[in-house]
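# Breakdown of the fold
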Amino acid sequence: MPGSRESGLAIREFSDALAPHFAAINAAWIEAMFVMEPVDRDVLDNPRARLIDTGGAILFVELAGQGVVGTAALRKAGSGIFELTKMGVIEAARGRHAGDFLLRATIARAHQLGARTLYLLTNKRNQAAIHLYEKHGFVHDDDIMARFGGHYARADVAMRHRGFLRPD
């Protein structure tokens, strides 16, 4: 995946040097639409400990001439179970297909990590994001909401990707 390129877009792997981009990009969209929750602050302040060291991943999308414009994370939620979380693209890069490119790379990484279930939690106010997720194979799932929906106070939409097996 390093070096994946398309239309001036490239995927970059997490490094401690990129951690400030992870925090800034996510803080911007969370604070614009919602209230930063303690779980958000913990993950944004400690991405290596909360996501990488526990078996997850963080990817970045870089746009030629602009640098890092988006990020997405995979949080290991159990054996073979991953949450797509903290996905955001800066406003200046919207419309350049950076979110599309990043989401495809993140789904591919979930497969590489051995995910049997890939899910996400969001809010119905994120209609553009929900449309993007649906376009890439995510479906609304009440079971995911019942099992994982309490993770965030703002979560009122739960989705599971069709391309992964369900857990036992």
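Residues numbered from 1 in each chain as written. Predicted model: local features only at pLDDT ≥ 70, side-chain atom pairs only at ≥ 80, totals over all residues. Heavy atoms only, no water.

## Section: the nonpolar core
Keep this limit in mind: By nonpolar core is meant a set of buried Ala, Val, Leu, Ile, Met, Phe, Trp, Tyr and Cys residues that side-chain atoms within 4.5 Å join together. Think of it in three bands: residues with accessible area under 20% of the maximum for their type are buried, residues over 50% are exposed, and the middle band is partly exposed, with areas taken using a 1.4 Å probe on protein chains only. Secondary structure elements are taken from DSSP: a helix is a run of H or I of four residues or more, a strand is a run of E of two residues or more, and numbering for both begins at the N terminus. Whether two residues touch is decided by their heavy atoms; if any such pair falls within 4.5 Å, the residues are in contact.
One finds Val61, Leu84, Leu103, Leu118, Tyr133 and Phe138 to be the most contacted residues of the largest nonpolar core, which totals 30 residues. Counting only elements with at least two residues in this core, the list comes to strand S2 (9–13), strand S3 (57–63), strand S4 (67–78), strand S5 (81–89), helix H4 (98–112), strand S6 (117–122), helix H5 (127–135) and strand S8 (157–161). Counting residues per element, this core draws most heavily on H4, which supplies seven residues. Residue contacts for Leu84: discarding those within four places in its chain leaves Ala72, Ala73, Leu74, Leu103, Thr106, Leu118, Tyr119, Leu120, Tyr133 and Phe138.

## Comments concerning unusual backbone geometry
Despite not being glycine, Lys86 has its phi angle at roughly 50 degrees, a positive value. Relative to the assigned elements, Lys86 resides in strand S5. Residue Lys86 is classed as buried on the basis of its relative accessible area, which comes to 4%. A positive phi is found at His97, a non-glycine position, where the angle reads about 70 degrees. If you trace the backbone, His97 turns up in the loop between S5 and H4.

## Section: the side chain of Thr106
Note the cut-off: Nitrogen and oxygen atoms within 3.5 Å of one another constitute a polar contact, given that in protein one can donate a hydrogen and the other can accept it, and given that sequence-neighbouring residues count only through two side-chain atoms.
For Thr106, the position within the fold is in helix H4. Here Thr106 falls in the buried class, since its relative accessible area comes to 1%. At a separation of 2.8 Å, a polar atom in the side chain of Thr106 contacts the main-chain carbonyl oxygen of Leu102.

## Here's the deal with the packing of aromatic side chains
Applicable threshold: Aromatic rings from Phe, Tyr and Trp, taking only the six-membered ring of Trp, are treated as a pair when their centres fall within 6.5 Å; an angle between ring planes under 30 degrees marks them as stacked, one over 60 as edge-to-face, and anything in between as tilted.
Taken as a whole, this structure holds four aromatic pairs when the rule is applied. An angle of 20 degrees between the planes, with centres 6.5 Å apart, marks the rings of Phe14 and Phe60 as stacked. In this pair, Phe14 is assigned in the loop between S2 and helix H1 (19–33) and Phe60 in strand S3, connecting sequence segments 46 residues apart. Phe60 gets classed as buried once you look at its relative accessible area, which sits at 0%. With a centroid separation of 4.3 Å and an interplanar angle of 15 degrees, the aromatic rings of Tyr119 and Phe148 are classed as stacked. Within this pair, whereas Tyr119 is found in strand S6, its partner Phe148 is found in helix H6 (residues 142–148), the two being separated by 29 residues in sequence. What makes Tyr119 buried here is its relative accessible area of 0%.

## Re the environment of Leu120
Mapped onto the secondary structure, Leu120 falls in strand S6. Residue classification places Leu120 among the buried positions, given a relative accessible area of 1%. Considering only alpha carbons, one finds Leu120 and Phe138, 18 residues apart in sequence, at a separation of 8.7 Å. Once residues lying within four places of it in the same chain are set aside, the contact partners of Leu120 are Leu84, Tyr133, Phe138, Ile144, Val157, Ala158 and Met159.

Don't take any of this as a statement about function, it's just geometry.
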